[in-house]
Amino acid sequence: MNMRGLIVLLLLVAVAVLTNYASAAEDRESSSSIRLYDFKEKFPEAVRDGECYLLKLNDCHIVAVSSPYASGQIELIFVNAKKKSAAQKVAQELAAALSSKCRVMPFEGREPWAAIICPTENKNRRYSTSLILYPDGGRSVRFVGWQGKLLRVQVDYSVSNYARKKRRGVIEMLLDVTSSSLSHVEFRIVKGRLDEEDMVDFLDSRFPNSSSYLPMFSSREESELRSKFPGCDLVVYSMSSDFCVANKKGKAYHVGTIDGVSAYLRSKHPTAKFNYPEENMDWPDKRIAQDETSTDSEHSTAMGSSSELTSSSDNSGETTALGKTASSPAGDNTAMRAATAAMESIYNSMGEASRGARLNVDSEIARYIQMLRSL
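So, here is what we can say about the structure in this document. (Residues numbered from 1 in each chain as written. Predicted model: local features only at pLDDT ≥ 70, side-chain atom pairs only at ≥ 80, totals over all residues. Heavy atoms only, no water.)

1. A short note on the overall build of the chain
Counting its secondary structure elements, the chain contains 11 helices and 16 strands. Per-residue burial for the chain yields a buried fraction of 46% across its 375 residues. Restricting the contact set of the chain to residue pairs at least 6 apart, pairs at least 24 apart contribute 58%. (Helix = DSSP H or I, 4+ residues; strand = E, 2+ residues; numbered from the N terminus. Buried < 20%, exposed > 50% of the residue type's maximum accessible area, 1.4 Å probe, protein only. Contact = heavy atoms within 4.5 Å.)

2. Some details on the pattern of salt bridges
It is possible for side chains bearing opposite charge to pair when their charged atoms get close. Inspection of every chain in the model, using the stated rule, returns seven salt bridges. Across the pair R152 and E172 runs a salt bridge whose closest N-O atoms are separated by 3.0 Å. Of the two residues, R152 is situated in strand β9 (residues 150-160) and E172 in strand β10 (residues 166-176); the sequence distance between them amounts to 20 residues. In this structure R152 comes out as partly exposed when scored by relative accessible area, which is 23%. A salt bridge links E186 to R188; the nearest nitrogen and oxygen atoms lie 3.1 Å apart. With a relative accessible area of 34%, R188 lands in the partly exposed category. (Salt bridge = Lys/Arg side-chain N within 4 Å of Asp/Glu carboxyl O.)

3. Brief notes about the nonpolar core
One finds F78, I132, F143, L151, F187, F202 and F207 to be the most contacted residues of the largest nonpolar core, which totals 43 residues. Counting residues per element, this core draws most heavily on β9, at five residues. Of all hydrophobic cores here, the second largest spans 27 residues; its members include I34, A91, L94 and A114. (Core = buried A, V, L, I, M, F, W, Y, C linked by side-chain atoms within 4.5 Å.)

4. Observations concerning a negative patch on the surface
A contiguous patch of negative charge on the surface is contributed by D195, E196, E197, D201, D204 and D233. Along the chain, D204 turns up in helix α5 (residues 196-206). (Patch = residues over 30% accessible without salt bridge, like charges linked within 9 Å, V, L, I, M, F, W, Y side chains within 5 Å. Areas by Shrake-Rupley, 256 points an atom, 1.4 Å probe, with all protein chains shown as cover. Lys, Arg positive; Asp, Glu negative; His and termini not counted. Charge placed at Lys NZ, Arg CZ, Asp CG, Glu CD.)

5. Remarks on the packing of aromatic side chains
Considering all chains together, one arrives at 15 aromatic pairs under this definition. Seen from their ring centres, W146 and F274 are 5.8 Å apart, and the 80 degrees between their planes marks the pair as edge-to-face. Residue W146 is found in strand β8 (residues 141-147), and its partner F274 is found in the loop between α7 (258-266) and α8 (284-303); the two are separated by 128 residues along the sequence. Taken as a pair, W146 and F274 share a single burial class, namely buried. Across from the ring centre of Y134, 4.7 Å away, lies the NZ or CZ of R125, which sits over that ring. (Phe/Tyr/Trp six-rings, centres within 6.5 Å; stacked < 30°, edge-to-face > 60°. Lys NZ or Arg CZ within 6 Å of the ring centre and 35° of its normal.)

6. Some words on helix α3 (residues 84-98)
Look at α3: 21 Å from first C-alpha to last across 15 residues, which is about the 21 Å you get at 1.5 Å a residue. Listed as buried for α3 are A87, V90, A91, L94, A95 and L98. Viewed along the axis of α3, the buried residues span an arc of 140 degrees, placing them on a single side of the element. What points out from α3, more than 90 degrees from its buried face, is the exposed set S85, K89 and A96. (Expected span 1.5 Å × (residues − 1). Arc of directions from axis to C-beta.)

7. Re the environment of G145
Note on placement: G145 falls in strand β8. Considering only alpha carbons, one finds G145 and P112, 33 residues apart in sequence, at a separation of 9.2 Å. If we ignore the near neighbours within four places in the chain, the residues touching G145 are F107, E111, L150, L151 and R152.

8. Observations concerning the sheet that holds strand β12 (residues 232-238)
Sheet architecture is open: seven strands sit in the order β8-β9-β10-β11-β14-β13-β12, paired in antiparallel fashion. Only two strands of the sheet have a single partner each, and these edge strands are β8 and β12. Across the sheet, the mean angle from the axis of one strand to that of its neighbour is 25 degrees, orientation sign disregarded. As defined by bridge partners, β10 adjoins strand β11 (residues 184-192) across six bridges and the pair is classed as antiparallel. If you follow G169 over to β11, its bridge partner there is G192. Relative to the sheet, α7 contacts β11, β12, β13 (243-248) and β14 (252-256), its axis offset from that of β14 by approximately 140 degrees. (Pairing = 2+ DSSP bridges. Axes fitted to C-alpha atoms, helices over the stretch in contact; angles between N-to-C directions.)

In structure tokens form, the structure reads like this:
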């Protein structure tokens with residue numbers, strides 16, 4: 001196969017690659033969730049901390065919380081600034097850059113934080129974020145503040161007893177957002193007249209493996225459990241569900257797996273803090289613009305413009321942007337013109353949002369063309 005035939009083949013392969021990319025991009029756009037892969041592609045310098053990704057944008061600290069469900073997706077994002085108004089502004093900009101379906105919620109009081117509730121295709125109750133997002137997508141929760149990496153959120157809860165008397169209260173949960181595990185979460189009744197039974201009912205609505213079972217223990221078992229759950233009374237203990245609720249001094253309810261709750265109660269669990277990046281990161285559109293500027297020169301040199309390709313293919317023996325080529329059959333010229341036109345059509349359909357991907361494809365094609373020229 002001569003040089004012209006190889007180039008035509010390469011262009012046709014590029015058309016197929018771009019068509020597949022355009023289709024994939026369309027699928028991602030129609031998807032309501034924010035894929036972890038796409039998020040890391042937009043912010044490649046994000047620092048991982050467990051299931052969280054830490055960023056710094058416009059002097060704001062950002063915590064993006066992911067869930068392993070469906071190969072990973074970003075479900076919650078928190079933005080912190082020196083002033084609450086600044087946090088809300090950056091949160092709005094970030095939400096708009098990620099999805100039109102994101103929802104921004106400021107923290108309660110003067111806390112200089114804003115939360116971004118990300119859209120999810122499916123709600124899954126196996127991970128810690130479900131305690132916030134289930135069952136109404138987070139609309140019933142209020143974000144209160146932080147204790148290091150532990151997020152404080154509150155939710156209103158009401159229940160009616162058999163006498164049809166309704167009891168209302170506010171339940172606060174304290175959970176480690178760096179972990180997707182539900183092995184331990186702390187709950188408190190901070191307002192209202194809710195009792196222990198009401199708390200168990202609330203937990204039953206939130207935890208996928210919840211249970212209200214509490215067996216009778218022998219004296220020996222009670223002694224072992226006092227050592228396993230120091231300073232606590234067991235409210236729920238189900239080995240078959242691997243689930244327990246331990247109440248400490250009538251205030252805090254420690255909930256999760258048997259070993260998870262026990263390990264937390266017997267440890268000192270000092271308050272850990274996020275180690276945010278020190279330097280501001282670029283917004284995705286700015287980085288794409290920089291990439292476009294840096295690769296334009298290489299792209300123009302190796303491939304030439306589409307108009308040069310088309311016009312030079314009409315004149316056999318002319319020097320083109322791809323190098324000097326000998327005259328070739330009219331079929332090759334027609335194939336090249338068709339391939340080039342098809343590439344431009346696909347490029348145009350990809351739109352501005354995909355220019356970064358276009359540049360990557362162009363650079364890859366240019367690399368192969370340079371290789372062909374050396375043959």
